[in-house]
Amino acid sequence: MGKEIKKTPLLEWHVSNGANMGLFAGYDMPLWYPQGVKKEHLAVIHSSGLFDTSHMAVITVTGAGAATLLQHCFSKDLEHCLGRDNLPLTSGRSVYGLFLSPAGHVLDDAIVSQVADGFYMVVVNAGMGGKISQHLARHRSQLEVEIVDLTDRVGKIDIQGKNSARIVAGILADSDTIFSAFPYFSFKGWYEDLPEVAEKVCLQDGTPIMLSRTGYTGEFGFELFVSPAELLSVWKMLLAAGEEYSLQPCGLAARDSLRAGAVLPLSHQDIGNWIFANTPWPFAIADRGVDGGFSKHFVGSDALLQQQTEYTLPFAGYDPRKIAISDKACVLDEKGTEIGKILTCTTDMAIDRVGEEIVSVAGDTRPVDFVPRGLCCGFVRVDRKLDPGDIAFLTDGKRKIKVEIRNDIRPDRTARRPMREML
């Protein structure tokens, strides 16, 4: 007998609205809806898209030793992580990082949010709540800490795209106050009534939520955390409020193509059971000092200080064609020598090349009447250092496509733009 397939509280809505469903991390999830992946991808770029992300796992870490435990297990230095001045994590702010094994391999990536002093929320990937909770428990020692795996006990919806704040404002009880100051990677409220949370965020019907200015597309938007019992109601409220903005429900396929174009990794595919080194994501690790060491010691840090010879690199192609990931798929240099493997290969439908420059359909530099064909993009892991602009080839043994190593892929992303520009 196989494992039971899990479902989110929105499964029946997805099915009744024609979603193409598929298994992802043990959950029956929408891959795309009848409008298709391209329209969903472009909806996020042009306006906004709505994603069911309740398959993600939530862990709470509370108690007098919570900060100490996370400092030991989490790759980011919580005492030096906010803004240009590297200020400490504080209540209402979040930070992205990794949980590593002692060998420096990625157990999972995560967002850690400080809800209050001694009260942290950790969001990890689907199916990882129990594993990361156990990892934290193994390192708890004598610390006064309570670790609670809330897998399937928290509803979560992502709304992404430039009109997200306008749409969310239509269902909030006090949007002017809530949106008056809301920097990137901050949050307000909590999805339950708890005395530790000073600022309460409610919808117009009184539903309490946690509203986080984070996401996984590279575009402006929010993640909403609610009680699972309220999830369907909130989903429908957002769709109604977003109707005038052509808000589209989106599946995992569009989420994948958007995140790849934004140079964001998929855990257990682009990062995983190998050492985290020479990647496009050094911001996930504590800062390095002039002596080459990290600003703190954490699980896996010693391994990361060793010299590494593999490189994970972003790439973009020259047309929409892509290579399916398989045992035969590999990366070739210009001489045809195999140099590595393909980690992600998808198509960002919002971009194309104008000459040698990659241009976004939402960018200020796009030509008049610009209609992008889309470009394949993603990540490769190779056995040598390649510089931006270097050419490589992806092949599955039957066909071969030319790609360019890049520092960045989709330009003019909106995730970090000030709230005042997005209202």
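Numbering of residues starts from 1 in each chain and follows the order in which that chain's sequence is written. Under the rules for a predicted model, residues below a pLDDT of 70 receive no local features and side-chain atom pairs below 80 are neither given nor counted, while totals for whole chains, interfaces and linings still include all residues. The side-chain figures draw on all heavy atoms in the structure; neither hydrogens nor water molecules are used.

Draft legend 1. Quick peek at the nonpolar core. Only buried residues count toward a nonpolar core. Its members are Ala, Val, Leu, Ile, Met, Phe, Trp, Tyr and Cys residues joined through side-chain atoms within 4.5 Å. Using a 1.4 Å probe on the protein chains alone, a residue whose accessible area is under 20% of its type maximum counts as buried, one over 50% counts as exposed, and one in between counts as partly exposed. Counting residues in each nonpolar core, the largest one holds 32 residues, and the members touching the most others are Ile159, Leu172, Phe179, Leu211, Phe222 and Leu238. Listed by contribution, the elements that provide at least two residues to this core are β9 (155-160), α5 (164-169), β12 (221-226), α7 (231-241) and α10 (419-422). With 6 residues, α7 is the largest single contributor of residues to this core. Counting residues in each nonpolar core, the second largest holds 26 residues, with Leu100, Trp274, Ile285 and Leu343 among its members. Comment: elements are numbered from the N terminus, with helices defined as DSSP H or I runs of at least four residues and strands as E runs of at least two.

Draft legend 2. A look at the packing of aromatic side chains. The criterion for an aromatic pair is that two Phe, Tyr or Trp rings (for Trp, the six-membered ring) have centres within 6.5 Å, with stacked assigned to planes under 30 degrees apart, edge-to-face to planes over 60 apart and tilted to the rest. One pass over the structure, following the stated rule, counts 13 aromatic pairs. Summarising the aromatic geometry, the rings of Phe74 and Phe99 are spaced 5.3 Å apart at their centres and angled 55° between planes, so their arrangement reads as tilted. Of this pair, Phe74 sits in the loop between α3 (66-73) and β5 (94-100) while Phe99 sits in strand β5, and the two are 25 residues apart along the sequence. When the ring of Tyr96 is compared with that of Phe283, the centres are 6.2 Å apart and the planes differ by 50°; the resulting orientation is tilted. Taken together, the residues Tyr96 in strand β5 and Phe283 in the loop between α8 (252-261) and α9 (301-304) connect sequence positions 187 residues apart.

Draft legend 3. Region of interest: the sheet that holds strand β13 (residues 248-250). Only strands that DSSP links by at least two bridges are regarded as paired with each other. Here 6 strands make up an open sheet; going across it, the order is β10-β11-β12-β9-β3-β13 and the pairing mixed. Two strands lie at the open edges of the sheet, namely β10 (187-189) and β13, each paired on one side alone. Each strand axis lies, on average, 20° off the axis of its neighbour in the sheet, ignoring direction. Summarising the sheet, strand β3 (residues 49-52) and β13 pair through 3 bridges and their orientation is parallel. By the bridge assignment, Gly49 is partnered in β13 with Gln248. Whether two residues are in contact is decided by their heavy atoms: any pair within 4.5 Å suffices. Geometry is summarised by axes, namely lines fitted to C-alpha atoms with helices restricted to the contacting stretch, and by angles between N-to-C directions that run from 0 to 180 degrees. The strands touched by helix α2 (residues 37-46) are β3, β9 and β13; relative to β13, the strand with the most contacts, the crossing angle is about 120°.

That is the geometry; function is a separate question.
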